Amino acid sequence: MNWSWIPNAITVTRVVASLPLLWLLMRGDYVPAFWLAVVAGASDALDGIIAKQFGWQSVLGGILDPIADKLLLSVCFFGLWWNLYLPTWLVVLVLALDVVILVGAFAWWRLLGAFNPEPSGISKVTTASQLLLVGLVLAHLAGHDFALTWHAPLMLATAGVTVVSGVDYVVRYGARARVSMTVGGGFV
């Protein structure tokens with residue numbers, strides 16, 4: 001029997017988990033929301049390990065995995081904003097970066113063909129910063145006591161790396177698009 005579908009099934013489960021996570025966050029049920037987020041995060045690591053260990057990487061998995069990650073992060077940012085635990089300006093900034101990436105990827109695909117995203121170092125730092133912020137806020141709301149002195153500096157750091165990451169994506173993929181258009185003879 002072929003088990004290569006398992007990593008993608010785990011990823012799809014993570015996508016589906018975003019709905020109850022959003023519901024829990026909007027209701028203010030932070031303990032189950034925290035644990036669901038922890039399980040979803042662990043599943044992200046698990047599907048990657050399984051896919052690499054057994055050579056079950058797929059094009060579909062390469063597309064679904066970052067979508068699932070961004071969806072869960074977006075749900076967390078929105079749910080925490082909804083209950084006034086994150087400021088509007090930060091949530092707009094984070095979601096705007098995701099929109100820029102999606103619009104850019106769609107434009108690339110439509111105008112130049114297949115889009116092969118390659119996360120940069122700054123995009124990985126941005127994701128880690130966003131995950132850390134959301135995780136610490138959720139942990140605090142779930143009753144895991146620690147001082148909130150980190151909250152404002154971490155929000156500012158997250159905002160800063162999010163802006164830098166957005167600029168990096170636009171500059172890096174803009175340059176690649178210009179090269180592709182020059183080599184390929186322009187837009188079709």
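The structure presented is a predicted model; accordingly, all values stated were derived computationally and were not measured.

(A) Spotlight on the packing of aromatic side chains. A complete count under the given rule lists eight aromatic pairs for this structure. With a centroid separation of 4.9 Å and 75° between ring planes, the pair formed by Phe34 and Trp35 is classed as edge-to-face. In this structure Phe34 comes out as buried when scored by relative accessible area, which is 13%. When its relative accessible area of 45% is taken as the criterion, Trp35 is described as partly exposed. Ring centres of Trp81 and Trp82 lie 6.3 Å apart, and the angle between their planes is 65°; this geometry places the pair in the edge-to-face category. Of the residues examined, Trp82 reaches a relative accessible area of 45% and is grouped as partly exposed. Each residue in the set Phe78, Trp81 and Trp82 is aromatic and connected to the rest through ring pairs, giving one cluster. A cation over an aromatic ring shows up here: Arg176 above the ring of Tyr173, its NZ or CZ 4.9 Å from the ring centre.

(B) Representation of helix 4 (residues 88-112) within the structure. Taking 1.5 Å of rise per residue, the 25 residues of helix 4 would be expected to cover 36 Å, and the 35 Å separating its terminal C-alpha atoms lies within 8% of that figure. Restricting attention to buried positions, one finds in helix 4 the residues Leu90, Val91, Val94, Leu97, Asp98, Ala105 and Trp108. Once helix 4 ends, the next one or two residues include Gly113, with phi positive near 110°.

(C) Broad picture of unusual backbone geometry. Its identity is not glycine, yet Leu84 carries a phi of approximately 65°, on the positive side. Examined against the element boundaries, Leu84 turns out to sit in the loop between helix 3 (59-82) and helix 4.

(D) Structural view of the packing of helix 3 against helix 4. At their nearest, the axes of helix 3 and helix 4 sit 10 Å apart, and the two run at 160° to each other. Put simply, helix 3 runs roughly antiparallel to helix 4. Considering only the axes of helix 3 and helix 4, their crossing is left-handed. Residue-level contacts link Lys70, Ser74, Phe77 and Trp81 of helix 3 to Thr88, Leu90, Val91, Val94, Leu95 and Asp98 of helix 4.

(E) Quick peek at the environment of Val134. Along the chain, Val134 falls in helix 5 (residues 121-141). Between the alpha carbons of Val134 and Pro87 there is a distance of 12 Å; along the sequence they are 47 residues apart. Every residue in contact with Val134, bar those within four places of it in the chain, is listed here: Leu73, Cys76, Phe77 and Leu80.

(F) Broad picture of a nonpolar patch on the surface. A cluster of nonpolar side chains, contributed by Met1, Trp3 and Trp5, occupies part of the molecular surface with about 430 Å² of accessible area. If you trace the backbone, Trp3 turns up in the segment before helix 1 (6-27). Residue classification places Trp3 among the partly exposed positions, given a relative accessible area of 40%.

(G) A look at the environment of Ser120. Mapped onto the elements of the fold, Ser120 is located in the loop between helix 4 and helix 5. Residue Ser120 is classed as buried on the basis of its relative accessible area, which comes to 12%. With sequence-adjacent residues up to four places away left out, Ser120 is seen in contact with Asp168 and Arg172. Within the structure, Ser120 has its side chain in polar contact with the side chain of Asp168 (distance 2.9 Å).

Cut-offs and rules
Residues numbered from 1 in each chain as written. Predicted model: local features only at pLDDT ≥ 70, side-chain atom pairs only at ≥ 80, totals over all residues. Heavy atoms only, no water. Phe/Tyr/Trp six-rings, centres within 6.5 Å; stacked < 30°, edge-to-face > 60°. Buried < 20%, exposed > 50% of the residue type's maximum accessible area, 1.4 Å probe, protein only. Lys NZ or Arg CZ within 6 Å of the ring centre and 35° of its normal. Helix = DSSP H or I, 4+ residues; strand = E, 2+ residues; numbered from the N terminus. Expected span 1.5 Å × (residues − 1). Axes fitted to C-alpha atoms, helices over the stretch in contact; angles between N-to-C directions. Parallel < 35°, antiparallel > 145°, perpendicular 65-115°, else oblique. Left-handed = near helix turned anticlockwise from the far one by under 90°. Contact = heavy atoms within 4.5 Å. Patch = residues over 30% accessible without salt bridge, like charges linked within 9 Å, V, L, I, M, F, W, Y side chains within 5 Å. Areas by Shrake-Rupley, 256 points an atom, 1.4 Å probe, with all protein chains shown as cover. Salt bridge = Lys/Arg side-chain N within 4 Å of Asp/Glu carboxyl O. Polar contact = N/O pair within 3.5 Å; in protein donor to acceptor, adjacent residues only side chain to side chain.

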